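Fold and contact review
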Amino acid sequence: MTKTQKLNGSLIGLTVLLLTLLTLPAKANPQNCGPRGTVVERLSSHFGETRRGIGLARQNRVVEVFASDASGSWTITITLPDGNTCLVASGQAWEDRMDDLSHLADMES
């Protein structure tokens, strides 16, 4: 397996993970939630993260991805209709990518 195939497999895995997270019921741990302004300020001041992407999920929840070029840290949040923002996932080694993955639809298993 080439390095590109491994990377593409990882991107597909991340996409599946995100889709799975977005279809789960909203049962966030209250300890990982807070007012959106407070959460965004902490991501910025403590980790140097800025918003890299945003989307609307079911039940009017807003999904955002924050990341830092300097540290490589990243965080995925969901903001609920009541204004609380919950941390969904975080990690390291963030890279901004805009890969065309349309060719993967034709790949054989």
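Structural data are supplied above this passage.
Residues numbered from 1 in each chain as written. Predicted model: local features only at pLDDT ≥ 70, side-chain atom pairs only at ≥ 80, totals over all residues. Heavy atoms only, no water.

Here we take up the overall build of the protein. The helix and strand inventory of the protein stands at two helices and five strands. Each helix (α) and strand (β) of the protein, taken in turn from the N terminus, gives the series α-β-α-β-β-β-β. Counting every position in the protein, which comprises 109 residues, the buried fraction comes to 22%. When contacts within the protein are restricted to residue pairs at least 6 apart in sequence, those whose partners lie at least 24 apart make up 38%. Put simply, the protein shows about 7600 Å² of open surface, and 58% of that area lies on carbon and sulfur atoms. (Helix = DSSP H or I, 4+ residues; strand = E, 2+ residues; numbered from the N terminus. Buried < 20%, exposed > 50% of the residue type's maximum accessible area, 1.4 Å probe, protein only. Contact = heavy atoms within 4.5 Å. Areas by Shrake-Rupley, 256 points an atom, 1.4 Å probe, with all protein chains shown as cover.)

Strand order in the open sheet formed by five strands is β1-β5-β4-β3-β2, and the pairing between neighbours is antiparallel. Only two strands of the sheet have a single neighbouring strand rather than two, namely β1 (33-35) and β2 (50-57). Averaged over all adjacent pairs, the angle separating strand axes in this sheet is 30 degrees, with direction ignored. By the bridge criterion, seven bridges tie β2 to strand β3 (residues 61-67) in an arrangement that is antiparallel. (Pairing = 2+ DSSP bridges. Axes fitted to C-alpha atoms, helices over the stretch in contact; angles between N-to-C directions.)

This part is about the nonpolar core. Listed in full, the seven residues of the largest apolar core are Ala57, Val63, Val65, Ala67, Trp74, Ile76 and Ile78. Counting residues per element, the ones that place at least two in this core are β3 and β4 (74-79). Ignoring any residue separated from it by four or fewer positions in sequence, one finds Ala67 in contact with Gly48, Glu49, Thr50, Arg52, Ser73, Trp74 and Trp94. (Core = buried A, V, L, I, M, F, W, Y, C linked by side-chain atoms within 4.5 Å.)

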